[in-house]
Amino acid sequence: REAKARVIGTDPDTDVAVLKIDLPKLPVVTFGDAAQLQVGDIVLAIGNPFNVGQTVTSGIVSALGRHSLGLTAFENFIQTDAAINPGNSGGALVDVNGHLMGINTAIYSPNGGSLGIGFAIPADTARQVMEGLIRDGEVRRGWIGVEPRTLTPEFAENFNLPVNQGVLITGVLQNGPAAASGMRPGDVVTRVGDTAVSNTAQ
């Protein structure tokens, strides 16, 4: 079936959009818990590569929490070796039970073909973006206003810090939330709430 889609909202920072189509009896996918994924888990990538028609490729989760790739502003990708070729972007990455684990979004490839390094936005991130776009027409994000740097044991030793693991605050934005709360350059963050942190991605 074919239908015209209406754009409900877009989020360039994650490269996700919400579209609405008016067709009866649309099939739906069940959201999985991407937080439960582990390296080595089997996943399937669904898409329409090179416009040849719907295809399914299989692979494993190669890595989790991939960031600093320069693809989007907020990066926390699932990496997979399931073949993701041009045309797969926006397709589903599902587990063996068909539960949505991510949205295929990018590949590493100097020649445009699949080399076994593909990236997907986790389903929980996609759900948060979807809910924000439907509710508010945009995604509203909290911000801290700091320049963080992962603390290395060598750095901690050189500066005689009392901890050797955490996130060093190298800069604080004037009049930002962190500054208002009393955070200063040189502080080391070891926990956020009840969650221990050892690097900037966390």
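Please read these numbers as outputs of a predicted model, since none were measured by experiment.

Definitions and cut-offs
- Residues numbered from 1 in each chain as written.
- Predicted model: local features only at pLDDT ≥ 70, side-chain atom pairs only at ≥ 80, totals over all residues.
- Heavy atoms only, no water.
- Helix = DSSP H or I, 4+ residues; strand = E, 2+ residues; numbered from the N terminus.
- Buried < 20%, exposed > 50% of the residue type's maximum accessible area, 1.4 Å probe, protein only.
- Contact = heavy atoms within 4.5 Å.
- Areas by Shrake-Rupley, 256 points an atom, 1.4 Å probe, with all protein chains shown as cover.
- Phe/Tyr/Trp six-rings, centres within 6.5 Å; stacked < 30°, edge-to-face > 60°.
- Lys NZ or Arg CZ within 6 Å of the ring centre and 35° of its normal.
- Salt bridge = Lys/Arg side-chain N within 4 Å of Asp/Glu carboxyl O.
- Pairing = 2+ DSSP bridges.
- pLDDT = per-residue confidence, 0-100.

On to the overall build of the protein chain, then. Looking only at helices and strands, the protein chain features three helices and 13 strands. When each of the 202 residues of the protein chain is scored for burial, the buried share is 29%. If you take every contact in the protein chain between residues at least 6 apart in sequence, the share linking residues at least 24 apart comes to 45%. With the model as given, the accessible surface of the protein chain reaches about 12600 Å², and the carbon-plus-sulfur share is 51%.

With that out of the way, let us pick up the packing of aromatic side chains. Applying the stated rule across the entire model yields two aromatic pairs. With centroids separated by 5.9 Å and ring planes inclined at 50 degrees, the aromatic side chains of Phe77 and Phe119 adopt a geometry described as tilted. Linking Phe77 in strand β5 (residues 77–80) with Phe119 in strand β8 (residues 118–122), this pair joins segments that are 42 residues apart in sequence. Neither residue differs from the other here; Phe77 and Phe119 are each classed as buried. Here Phe155 and Phe159 contribute two aromatic rings whose centre-to-centre distance is 4.5 Å and whose plane-to-plane angle is 25 degrees, an arrangement assigned as stacked. Looking at Phe159, the relative accessible area reads 54%, which means it is exposed. Over the ring of Phe31 we find Arg127, and its NZ or CZ is 4.1 Å from the ring centre.

The phi angle at Phe50 is positive, at roughly 55 degrees, despite the residue not being glycine. Take Phe50: it is sitting in the loop between β3 (42–47) and β4 (55–66). One non-glycine residue with positive phi stands out, namely Asn160, at about 55 degrees. By the secondary structure assignment, Asn160 is in the loop between α2 (153–158) and β10 (166–172).

Glancing now at the pattern of salt bridges. Enumeration according to the criterion identifies five salt bridges in this entry. Note that Arg141 and Asp13 form a salt bridge whose closest N and O atoms lie 3.6 Å from each other. Taken as a pair, Arg141 in the loop between α1 (123–136) and β9 (146–151) and Asp13 in the loop between β1 (6–11) and β2 (16–20) lie far apart in primary sequence, 128 residues in all. For Arg141, a relative accessible area of 29% corresponds to the partly exposed category. Its salt-bridge partner being Asp136, residue Arg135 comes within 3.2 Å of it at the nearest N-O pair. One network of salt bridges, with partners in common, ties together Asp11, Asp13 and Arg141.

Turning next to the sheet that holds strand β11 (residues 188–189). The pairing of strands in a sheet comes from backbone hydrogen bonds and takes either a parallel or an antiparallel form. Read across the sheet, three strands follow the order β9-β10-β11 without closing on themselves; strand pairing throughout is antiparallel. With partners counted over all chains shown, the strands left at the sheet margins are β9 and β11, one partner each. Relative to β10, β9 runs antiparallel, the two being bridged by six bridges. For Arg149, the partnering residue across the bridge sits in β10 and is Leu168.

Averaged over all residues, the pLDDT of the protein chain is 89; the fraction at 70 or higher stands at 96%. For the protein chain, the element scoring lowest by mean pLDDT is α2, at 86; strand β6 (residues 92–95) scores highest, at 96.

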